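Coordinate inspection notes
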Amino acid sequence: MLRPIDDILPEKAEDYASVQARLLPLLRTRADMDKSAMNAASSLTLDKEALSRESNRTPSRPVAGDYVAMLGLDTPQSTARVVQGMLDNWGVSFETAFDDALRNLRGVSSDAGWQQIAPGLWQGAWNDSYEPSRLLLPDVIYRSGVAHPVAMVPLRHVLLVADANDIAGLALMASACKQLREEQSRWLSCRPLQLVEREWRPFEPPESLRQMYQELIAIEDSEDYAAQKNLLEQRNAQDPSAPFVGTAQLVQFKDSERILSYSVWSNGVDTLLPQTDLLAFASLDKPDDTVVVAWADAVRIAGHHMQAVDDMFPRRLRVNVFPTEDEQAQLRTVKVF
């Protein structure tokens, strides 16, 4: 049964002994956590000053790539995020509570939790909404029988595994992720991870499947950036000096199924740029002179004009100075179109 996640700060729970058995780890992305924090901060029903306190921070630990793990408190109606203030009230550290949560998860992760849904593709079938959290238990992943596991968690209750050496299985997994994300909500991420010696690391798909996986990530990033843009604009609605929040747009090449993301760096516009596959340089007084280049080339030539924005996920870069004439000439030599 799919359990909802309560992103609103929960009521203070009882003492630690009464909640210890109900703690479970949750797998999320940095973008998801950032979105939840901004959602909470913009809620009119919450005390803004209270939300800024350290006690209301959601502690977490890195897993791999953009994935992080945090604590959830299982309740009859939903799963509530555990914030630092709750740990302080319980008199327990995050690491101690997280170890207890892992033990609890192991206790409900029987050998019967895997099912083969297609040749070369396995899915977690515990039906408790904590399937993605099993990534934190490598031995449970190996119980699937997959020798070189690659995992994807497209939804908050879906865990898929295929073998890194099985091209057909990896293709099926990417197709399954695409279908699930089109049909359902409560997305998590389509970024694949590979388990190597009991540690997760970002997985680089083989060349024959790179376009398929890249498309999934481009769509995911576009959606994350759209949600972030909406929240940033709400937060800055009364601030005329706030920078313009750029959009991560998708483009499909003519006579091709290839999909890439792009954003626009406009001359004279203070902008928070999303990091995309392509970057368009647009001059307001020369609309027909737009130059589109690969992101890596843009960084190489004009990256010194980009200012990193700390603690913002997905990542954005602030630009308020347009490349010089010499730099624009260099950009034209590497333009995509």
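Residues numbered from 1 in each chain as written. Predicted model: local features only at pLDDT ≥ 70, side-chain atom pairs only at ≥ 80, totals over all residues. Heavy atoms only, no water.

Another aspect to go through is helix α9 (residues 295-302). Along α9, the residues classified as buried are W295, A298, I301 and A302. Seen along its axis, α9 keeps its buried residues to an arc of 135°; they face one direction. Residues A296 and R300 are exposed on α9 and point more than 90 degrees away from its buried face. (Buried < 20%, exposed > 50% of the residue type's maximum accessible area, 1.4 Å probe, protein only. Helix = DSSP H or I, 4+ residues; strand = E, 2+ residues; numbered from the N terminus. Arc of directions from axis to C-beta.)

Moving on, we get to the packing of aromatic side chains. In this description, an aromatic ring pair is defined by two values, namely the gap between the centres and the angle between the planes. The final tally for this structure, using the stated rule, is 6 aromatic pairs. Aromatic pair W265 and F322: ring centres 6.4 Å apart, planes at 90°, arrangement edge-to-face. Residue W265 is located in strand β14 (residues 259-266), and its partner F322 is located in the loop between β19 (316-319) and α10 (325-333); the two are separated by 57 residues in the primary sequence. Owing to a relative accessible area of 1%, W265 belongs among the buried residues under this scheme. In this structure F322 comes out as buried when scored by relative accessible area, which is 12%. With a centroid separation of 6.2 Å and an interplanar angle of 70°, the aromatic rings of F281 and F322 are classed as edge-to-face. Placement of F281 in strand β16 (residues 278-283) and of F322 in the loop between β19 and α10 is noted, with a sequence separation of 41 residues between them. Pair check on accessibility: F281 and F322 agree, each one buried. (Phe/Tyr/Trp six-rings, centres within 6.5 Å; stacked < 30°, edge-to-face > 60°.)

Two strands in a sheet stick together by hydrogen bonds in their backbones, pointing the same way (parallel) or opposite ways (antiparallel). Across the sheet, 4 strands lie side by side as β12-β15-β19-β18; this open sheet has mixed pairing. Strand pairing shows two members of the sheet lacking a second neighbour, β12 (244-245) and β18 (307-308), which therefore form its edges. As paired elements, strand β15 (residues 271-274) and β19 share 4 bridges and run antiparallel to each other. Following the sheet pairing, L273 is matched in β19 by L317. (Pairing = 2+ DSSP bridges.)

The subject of this paragraph is the sheet that holds strand β6 (residues 114-118). The strand order β6-β7-β9-β8-β10-β11 describes an open sheet built from 6 strands, whose pairing is antiparallel. Whereas interior strands pair on both sides, the edge strands pair on one side only; in this sheet they are β6 and β11 (199-202). Averaged over all pairs of adjacent strands, the angle between their axes in this sheet comes to 35°, without regard to strand direction. Looking at chain direction, strand β8 (residues 149-155) and strand β9 (residues 160-163) are connected through 4 bridges and run antiparallel. When the bridges of β9 are listed, A151 appears paired with V161. Strands β6, β7 (121-124), β8, β9 and β10 (187-196) of the sheet are contacted by helix α7 (residues 167-183), whose axis makes an angle of about 10° with β8. The strands that helix α8 (residues 210-235) touches are β8 and β10; relative to β10, the one it contacts most, it runs at about 135°. (Axes fitted to C-alpha atoms, helices over the stretch in contact; angles between N-to-C directions. Contact = heavy atoms within 4.5 Å.)

In the structure shown here, the tally under the stated rule is 18 salt bridges. With a shortest N-O distance of 2.6 Å, D139 and R106 are connected by a salt bridge. Of this pair, D139 sits in helix α6 (residues 138-142) while R106 is found in helix α5 (residues 94-107), placing the two residues 33 residues apart along the sequence. Assessed through its relative accessible area of 22%, D139 is described here as partly exposed. What makes R106 partly exposed here is its relative accessible area of 38%. The partner of R143 in a salt bridge is D139, and the shortest N-O contact between them spans 3.7 Å. Among the ionic contacts, a cluster of salt bridges with common partners joins R28, D32, R81 and R156. (Salt bridge = Lys/Arg side-chain N within 4 Å of Asp/Glu carboxyl O.)

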